[in-house]
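Close look at the chain arrangement
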Amino acid sequence: MRRGFLSAARFAGRPARRALVAAVALAAVGAVGAVAAQAPAQSTAASSGRTTAAAPSGAKMFPLLGRKSDGHLYDYEPKGTGGVQAAADLGGGFGDATALVQANVSAGGTGNDLYYRMSGTLYYTAEEGIDTKVIGTGWDTYNLLVPAGNMGGTADPDLIARDTTGALWLYQGKPDGTFQPKIRIGSSGWNGMNQLVGRGDFTGDGKNDLLARGTDGTLYIYPGTGNAVADATIGSRITVGKGWETYKQLVSTGDNDGDGRADLIGSDAAGALWLLKGTGDPKAPFAPRVQIGTSGWAAFDTLF
């Protein structure tokens, strides 16, 4: 069992929670992170103690968080062998959050922290910390924010942002939750993707990759190079397959089943939840899907 800000009892009293509620009340806000924007998908063939356990290969295990349309945030801890535990209600007041992103920055990379955007301002709060930190203003220039894991070669997790022109930017993380100056990793065309998913090595080379789903339902892997170099942080895309439009949302919570490889979770329009276990093989990166939730997942407008 982990203690921290993402426990149902304690989160309501944390500064981030208070800041969010106050901002909503003042109409001065909107949360940060992996906006529920849809992104590229892949072929269909293919409680509340927080956990961030390192798997044998170094892949980490993260909880699945979700927000419902009534503004309530829920925490689904991983079972460790595939699937999630029963929900812990983290409280309401999140209805005006425009984006929410998990990141393991604090406690030496083991904390489950939160970035959120309100009225163009990006905030960060650490699981074990006591303060909410303003990262900066002007973040409403981005229509999508997603966690990237470590894509640039530093020890701290990064953030990927897509701007309204369709360019893609990498913000390398620092130990205090702030970021280094942004680096462009994609010049244009990324608005043609309706879902982006990071936080996982899907090719088995030890470097974090980016998944993207096109509007036609084709899922792609953009392999990470491990280099924070402008327009050279991701390599040429690999086509995973078609049919991924069957999923309303796609999200990576790292290694969900404990086998050391990053997995993918998808919710479909009928409200079922599916686990696509990672194989580490870029030619067939996901095993056939396994259902881990039968109904009710369509109620979430954001999974992250």
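Residues numbered from 1 in each chain as written. Predicted model: local features only at pLDDT ≥ 70, side-chain atom pairs only at ≥ 80, totals over all residues. Heavy atoms only, no water.

1. A short note on the pattern of salt bridges
Counted by the stated rule, this structure contains four salt bridges. The shortest N-O distance in the salt bridge between K242 and D216 comes to 3.8 Å. Of this pair, K242 sits in the loop between β15 (238-241) and β16 (247-251) while D216 is found in the loop between β13 (209-214) and β14 (219-222), placing the two residues 26 residues apart along the sequence. For K242, a relative accessible area of 59% corresponds to the exposed category. Residue class for D216 comes out partly exposed when judged on its relative accessible area of 46%. Among the salt bridges present, the one from D259 reaches R261, with a minimum N-O distance of 3.7 Å. (Salt bridge = Lys/Arg side-chain N within 4 Å of Asp/Glu carboxyl O. Helix = DSSP H or I, 4+ residues; strand = E, 2+ residues; numbered from the N terminus. Buried < 20%, exposed > 50% of the residue type's maximum accessible area, 1.4 Å probe, protein only.)

2. Overview of the pairing of strand β1 (residues 64-68)
Of all five residues in β1, four are buried, a share of seventy percent or more. Note: β1 against strand β2 (residues 73-76), four bridges, orientation antiparallel. Counterpart to R67 in the pairing with β2 is L73. Joining the antiparallel neighbours β1 and β2 is a turn of four residues, in which G71 adopts a positive phi near 90°. When β1 meets strand β20 (residues 300-303), the two strands line up antiparallel, connected through three bridges. Opposite R67, over in β20, you have T302 as the bridge partner. (Pairing = 2+ DSSP bridges.)

3. A few points about the sheet that holds strand β9 (residues 158-163)
One open sheet holds the four strands; their spatial order is β8-β9-β10-β11, and the pairing between them is antiparallel. Whereas interior strands pair on both sides, the edge strands pair on one side only; in this sheet they are β8 (142-149) and β11 (183-186). Going from strand to strand, the sheet's axes swing by 30° on average, the running direction of each strand aside. By the bridge criterion, four bridges tie β9 to strand β10 (residues 168-171) in an arrangement that is antiparallel. From the neighbouring strand, R162 faces β10, where its bridge partner is L168. (Axes fitted to C-alpha atoms, helices over the stretch in contact; angles between N-to-C directions.)

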